[in-house]
Amino acid sequence: MPTRTRRNTVRHSILTENKTFPGAACRRRGRKDCEKMKIIKNQIHIGVETPFTILHASDTHLWRADERDGEKKMKHAKGRGVLFPQADENYEFIIRRANELGCMVAYTGDLIDFVSQANYDAARDFCRRTDCFMTAGNHEFCQFVGDGAEENAAYRNLSLADVQACFDNDIRFSCREVGGVNFVSLDNSYYRIAPEHLEALRGVVAQGKPVILLMHTPLYTDAHYQWMGANGGIAYMMAAPDRLVETYPPDRYRQQIADEVTKEAYAYIRSQPTIKALLTGHMHHDYEEMFTENTVQLTVGCNTLRKITVF
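Residues numbered from 1 in each chain as written. Predicted model: local features only at pLDDT ≥ 70, side-chain atom pairs only at ≥ 80, totals over all residues. Heavy atoms only, no water.

1. As for the pairing of strand E11 (residues 296-299)
- Side chains Val296 and Leu298 project from E11 onto one buried face, and the interleaved Gln297 and Thr299 project onto a second face that is buried too.
- Bridging between strand E9 (residues 275-280) and E11 involves 4 bridges; their strand directions are parallel. Within E11, the position partnered with Leu279 by the bridge is Leu298.
- Where strand E10 (residues 287-290) and E11 come together, 4 bridges link them in antiparallel fashion. In the strand pairing of E11, Glu288 is matched with Leu298.
- Connecting the antiparallel pair E10 and E11 is a turn made up of 5 residues. (Buried < 20%, exposed > 50% of the residue type's maximum accessible area, 1.4 Å probe, protein only. Helix = DSSP H or I, 4+ residues; strand = E, 2+ residues; numbered from the N terminus. Pairing = 2+ DSSP bridges.)

Put into structure tokens, the structure is as follows:
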């Protein structure tokens, strides 16, 4: 569908369930996430011929486990549930809103908190009950959260096939056109971009249509980092400057230092005027900014649902 050239802008307003505002979103990761879910309405102006709406959700962190998963996993689930007591309620809230609107859910990772048969069932059910377009989060591949395992390709591959089978699209890289806009699921859940995925992104961009990227981890901006305030000095964003990452503890340095392909991907995304928006999660707080003059970055919290109208 043809588009009209127009400078990208974003507008927002906040709505909440039962008209109760739950207070400021969590500005630091790792806090108990027990607020009521709220809705933020956004408008992204990129010049499509026919406006349409999507929902953007992330980081529900379902912590289900049952006898199929064993006693150790069930005990682990109980402990994780203390951190995400609203997970089941948020899960149903998103499904309900998606069905009321009849629109796609752009889900940016960590639907599940760890791998388990019960969580797989919930992920499959989510895709059955909604029109979900998914990108991977790091927790999609977690065996036991906090077990000290290094998150790398070998670790991801322990569960990748089973996790992928729960979702309708390729959660590491896929493209779907909606209303003349190419939505691209791009896996950066381990703070890096794979070479083959960067090349695939170039191919989508070459089509000339507007692009909206779904990624789990926000792309680094100094404004977002400064806004976060005291956070142990760690950005938890993709492609943070080397000078910053070099100050991290050794485990976080290994986890988050950008390789050359990731730096190239970051620069490429910044350089492409047809990439109109970045939808991200991971941080457990809400944040929105102009990533470039033409590209907005919307980060959604774990207790927030963004209702985005694309004009």
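2. Thoughts on the layout of surface pockets
- The space that makes up the second largest pocket amounts to roughly 250 Å³.
- As for the second largest pocket, its lining consists of 16 residues, of which Asn152, Ala153, Arg156, Tyr190 and Arg192 are closest to the centre.
- Sorting the residues of the lining of the second largest pocket by element identifies helix H4 (153-157) and helix H9 (250-256) as the ones contributing at least two each. (1 Å grid on protein atoms, 1.4 Å probe; cavity = no way out; pocket = protein on both sides within 12 Å on 5 of 7 lines; lining within 4 Å. Points joined across faces, edges and corners; volume = space filled by probe spheres on them.)

3. Comments concerning the environment of Arg96
- Along the chain, Arg96 turns up in helix H2 (residues 87-101).
- Judged by its relative accessible area of 36%, Arg96 is partly exposed.
- Sequence separation of Arg96 and Arg129 is 33 residues, and the distance between their C-alpha atoms is 9.1 Å.

4. Focus: the packing of H2 against helix H3 (residues 117-129)
- At a minimum axis distance of 10 Å, the contact between H2 and H3 shows a crossing angle of 15°. In terms of their interaxial angle, H2 and H3 are classed as roughly parallel. In this structure, H2 crosses over H3, and the sense of that crossing is right-handed. Taking contact as the criterion, the partners of Tyr91, Glu92, Ile94, Ile95 and Asn99 in H2 are, on H3, Ala122, Asp125, Phe126 and Arg129.
- Class assignment of the residues belonging to the contact of H2 with H3 gives a composition of 5 nonpolar, 1 polar and 3 charged. (Axes fitted to C-alpha atoms, helices over the stretch in contact; angles between N-to-C directions. Parallel < 35°, antiparallel > 145°, perpendicular 65-115°, else oblique. Left-handed = near helix turned anticlockwise from the far one by under 90°. Contact = heavy atoms within 4.5 Å. Nonpolar A, V, L, I, M, F, W, Y, C, P; charged D, E, K, R; others polar.)

5. A closer look at the side chain of Arg306
- With respect to the helices and strands, the residue Arg306 is situated in strand E12 (residues 304-310).
- The exposure class of Arg306 is buried, given its relative accessible area of 0%.
- A distance of 2.9 Å separates a polar atom in the side chain of Arg306 from a polar atom in the side chain of Asn42.
- Here the side chain of Arg306 touches Thr299 through a polar contact of 2.9 Å, landing on its backbone oxygen. (Polar contact = N/O pair within 3.5 Å; in protein donor to acceptor, adjacent residues only side chain to side chain.)

6. What to know about the nonpolar core
- Within the largest apolar cluster, 38 residues are counted, with the highest numbers of intra-cluster contacts made by Ile94, Val105, Tyr107, Leu111, Phe126 and Phe167.
- Contributions of two or more residues to this core are made by strand E3 (52-57), H2, strand E4 (104-107), H3, strand E5 (131-134) and helix H5 (160-164).
- Looking at this core, the element that brings in the most residues is H2, giving 6 residues.
- Excluding its chain neighbours within four sequence positions, the residues that come into contact with Ile94 are Met37, Leu55, Ala57, Thr60, Val105, Tyr107, Phe126 and Leu305.
- Residues Leu213, Ala239, Ile275 and Leu278 belong to the second largest nonpolar core, which totals 21 residues. (Core = buried A, V, L, I, M, F, W, Y, C linked by side-chain atoms within 4.5 Å.)

7. What about the environment of Glu67?
- Relative to the assigned elements, Glu67 resides in the loop between E3 and helix H1 (70-83).
- Considering only alpha carbons, one finds Glu67 and Gln117, 50 residues apart in sequence, at a separation of 9.3 Å.

8. Thoughts on the packing of aromatic side chains
- Counted under the stated rule, the structure contains 7 aromatic pairs.
- An angle of 75° between the planes, with centres 5.8 Å apart, marks the rings of Tyr107 and Phe126 as edge-to-face. In this pair, Tyr107 is assigned in strand E4 and Phe126 in helix H3, connecting sequence segments 19 residues apart.
- Given the relative accessible area of 0%, Phe126 is considered buried.
- Residues Phe141 and Tyr190 carry aromatic rings whose centres are separated by 6.5 Å and whose planes lie at 75° to one another, so their mutual orientation is edge-to-face. With Phe141 in the loop between E5 and H4 and Tyr190 in the loop between strand E7 (181-186) and helix H6 (195-205), this pair connects stretches of sequence that are 49 residues apart. Comparing Phe141 with Tyr190, the two get one shared label, buried.
- Residue placement shows Lys73 over the ring face of Phe144; its charged tip is 4.6 Å from the ring centre.
- The cationic tip of Arg202 hangs over the ring face of Tyr268; the distance from NZ or CZ to the ring centre is 4.6 Å. (Phe/Tyr/Trp six-rings, centres within 6.5 Å; stacked < 30°, edge-to-face > 60°. Lys NZ or Arg CZ within 6 Å of the ring centre and 35° of its normal.)

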